[in-house]
Amino acid sequence: MPDPQELEKTPLVKEIPPKGRDLSEWYQAVCYKAELVSLAPVRGCVVLRPYGFGLWERLQSALDSRFKATGHENAYFPLLIPESLLAREAEHVEGFAPEVAWVTQGGNETLTERLAIRPTSEVVIGVMYAEWLQSYRDLPILINQWANVMRWEKRTRPFLRTLEFLWQEGHTAHATESEAAQEVQQMLEVYREVAEDVVAVPVYKGEKSESERFAGANHTFSIEALMPDGRALQAGTSHELGQNFAKAYEIKFAAEDQTIQYAWTTSWGMSWRMLGALIMVHGDDRGLRIPPAMAPVEAVIVPIVRAGSDDVVAAARELFATLKAAGLRVKLDERDLRPGNKFADWEMRGVPLRIELGAKDIEVGVVTLVRRDKEKGEEGGKLAVPLAQTAAKIRELLDEIQANLFAQARTFLESHTLRVTDRAEFLRLCSDRAGMIDIPWCGLASCEAAVKAETSASSRNTRPLEAGGNIRCVACGEPATVRAYFAQSY
Ligand SMILES: [Zn+2]
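All of these numbers come straight from a predicted model, not from anything done at the bench.

Draft legend 1. Molecular detail of the pattern of salt bridges. Applying the stated criterion across every chain, the model contains 35 salt bridges. Between Asp-333 and Lys-342 there is a salt bridge, and its shortest N-O distance comes to 3.8 Å. Taking the relative accessible area as the measure of exposure, Lys-342 reaches 4% and is therefore buried. Taken together, the shared-partner salt bridges connect Glu-35, Asp-333, Arg-335, Lys-342, Asp-345 and Arg-349 into one network.

Now the structure itself:
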């Protein structure tokens, strides 16, 4: 039993520290103060509060619509996996063993077989696919699951690393290797699109090295984003599992020529970690800045009410109804607070647009729009718009804000992607967390281990080498086989 006095409580955040001083401290303060999460009364877990869940729902719907458009369906599998099943794919179980939580007792009975709380669901889904799959006519199987999983982590941080987290895991089975490989690239591209076009976080797509590969996969591909402190964040992965799981779990089918063949399977996942990237990449000293496509609230109306200004309240309510009818995600803040406090509160929560409406505005038939993506006093940050054109102008501004946040993030990524050819400089930049350090690389596990030991950086992902023979690995001097981004990572 944990000592109840040792349970962590969500710190009361009065003010957030400057983002540039200590990213980690800023990050946690924003997560609590913007009411995305609270610490749970159990170690290493968070409660996703309504505003945080709103963010998750935006990510979910962006992914889910794309999964369905590419022919996938949702299903749900159990949380618990019998130990004997988990043990069948040796590499997989070995990779996950240090992080698995076990159920050993049910009611008053000690279980004869331990049950794993899923760290991922390849195993239980594989067993079911084996049962469902008979003939080549049943292929491909294209299923996604929205679920929670559990990994027993030591150090935890909201969204980036928690014992229990929310994610989706796609699991597919195909008749041929090339079809499975195509699926893996298709879903990796879906992740890139959602990261860049929806979350406004630019990423690099590529293949993971051998030591960074998913346990039990032949090939793992990832999207990698760069955080403001120069650390990379893996934001989505897509795996070619070959026939490894098919052989371990008997996922077989009768082919057209009547021979019995093993299926080729894939899996791919994105978690609420992506929200951690959003927070770190876009936030500033005033709090969150949420890209409009991800914003649970796109615009908030703050009536500037003075005693006896019933007209303002009525006009604000009318505007609220108009904007809602126009399909905007809008909120009317009628709390009994001073406007200045409301401004600060919605800025902290990163709402893309604030709509101010006061008695003077009503007299001349305008509203004042304030953009969250601009600094205070920056040109174009505040503008008066004729009341009748509010909805149209808001749409236009939301598009601009989305594009502006992405452009800012891309400028950062590009200016912190450094191509180097000198070994000493490579190691220094890796140690200094200077960004994504881009080198021709040998791809050898021993080389990667040596770089990691010296600098704490590892390869994030790799891509084919440009033409031009006899290129050497910058890290060790062996022949280069790929280009790789190296960075320290979350
Ligand atoms: Zn090397």
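On we go.
Draft legend 2. Spatial organisation of the sheet that holds strand E5 (residues 101-106). If you walk across this open sheet you meet the three strands as E4-E6-E5, and the pairing is antiparallel. Edge positions in the sheet fall to strand E4 (80-82) and E5, since each has one partner strand and no second. The sheet shows a mean angle of 45° between the axes of neighbouring strands, direction not considered. Pairing between E5 and strand E6 (residues 109-117): five bridges, direction antiparallel. Counted as the bridge partner of Trp-102 is Ala-116 from E6.

Draft legend 3. Representation of the packing of helix H2 (residues 50-69) against helix H8 (residues 273-282). Packing of H2 against H8 leaves a shortest axis separation of 10 Å and a crossing angle of 110°. When the interaxial angle is binned, H2 and H8 end up roughly perpendicular. Between H2 and H8, the contacting residues are Gly-52, Leu-55, Trp-56 and Leu-59 on the first element and Met-274, Leu-275 and Leu-278 on the second. Taken together, the residues that form the contact of H2 with H8 break down as six nonpolar, one polar and no charged.

Draft legend 4. Region of the structure containing the nonpolar core. Ranked by internal contacts, the top residues of the largest apolar core, which has 69 residues, are Leu-36, Leu-59, Phe-159, Val-199, Met-274, Ile-279 and Met-294. Top contributing element to this core by residue count: helix H6 (residues 177-198), with eight residues. Setting aside chain neighbours within four positions, we find Leu-59 in contact with Val-194, Val-199, Met-270, Ser-271, Met-274, Leu-275 and Met-294. If you look at the next biggest cluster of nonpolar residues, it comprises 28 residues, including Phe-77, Tyr-129, Ala-215 and Tyr-249.

Draft legend 5. View of the sheet that holds strand E17 (residues 353-358). The five strands are arranged E16-E15-E17-E18-E19 in an open sheet whose pairing can be described as mixed. Here the strands that pair on one side only, and so sit at the sheet edges, are strand E16 (330-332) and strand E19 (382-386). Going from strand to strand, the sheet's axes swing by 25° on average, the running direction of each strand aside. Relative to E19, strand E18 (residues 366-371) runs antiparallel, the two sharing five bridges. Bridge pairing links Val-367 to Val-385 in E19.

Draft legend 6. Focus on the packing of aromatic side chains. For the structure on display, the rule yields twelve aromatic pairs. Clustering of aromatic rings is evident, with ring pairs tying together Trp-56, Phe-67, Trp-146 and Trp-268. For the cation-ring pair, Arg-349 lies above Tyr-51, with the distance from its terminal atom to the ring centre recorded as 5.2 Å. Taking NZ or CZ as reference, Arg-349 lies 5.6 Å from the ring centre of Trp-346, over its face.

Draft legend 7. The pairing of strand E15 (residues 299-304), seen in detail. Counting buried positions along E15 gives six out of six residues, so the element sits mostly inside the fold. By the alternation rule, side chains of E15 split into Ala-299, Ile-301 and Pro-303 and Val-300, Val-302 and Ile-304, which are all buried. With three bridges connecting them, E15 and E16 associate as parallel partners. Bridge pairing in E16 places Val-300 opposite Lys-331. Both E15 and E17 contribute to a ladder of six bridges, which runs parallel. Its bridge partner being in E17, Ile-304 is matched across the sheet by Gly-358.

About the criteria used
- Residues numbered from 1 in each chain as written.
- Predicted model: local features only at pLDDT ≥ 70, side-chain atom pairs only at ≥ 80, totals over all residues.
- Heavy atoms only, no water.
- Salt bridge = Lys/Arg side-chain N within 4 Å of Asp/Glu carboxyl O.
- Buried < 20%, exposed > 50% of the residue type's maximum accessible area, 1.4 Å probe, protein only.
- Pairing = 2+ DSSP bridges.
- Helix = DSSP H or I, 4+ residues; strand = E, 2+ residues; numbered from the N terminus.
- Axes fitted to C-alpha atoms, helices over the stretch in contact; angles between N-to-C directions.
- Parallel < 35°, antiparallel > 145°, perpendicular 65-115°, else oblique.
- Contact = heavy atoms within 4.5 Å.
- Nonpolar A, V, L, I, M, F, W, Y, C, P; charged D, E, K, R; others polar.
- Core = buried A, V, L, I, M, F, W, Y, C linked by side-chain atoms within 4.5 Å.
- Phe/Tyr/Trp six-rings, centres within 6.5 Å; stacked < 30°, edge-to-face > 60°.
- Lys NZ or Arg CZ within 6 Å of the ring centre and 35° of its normal.

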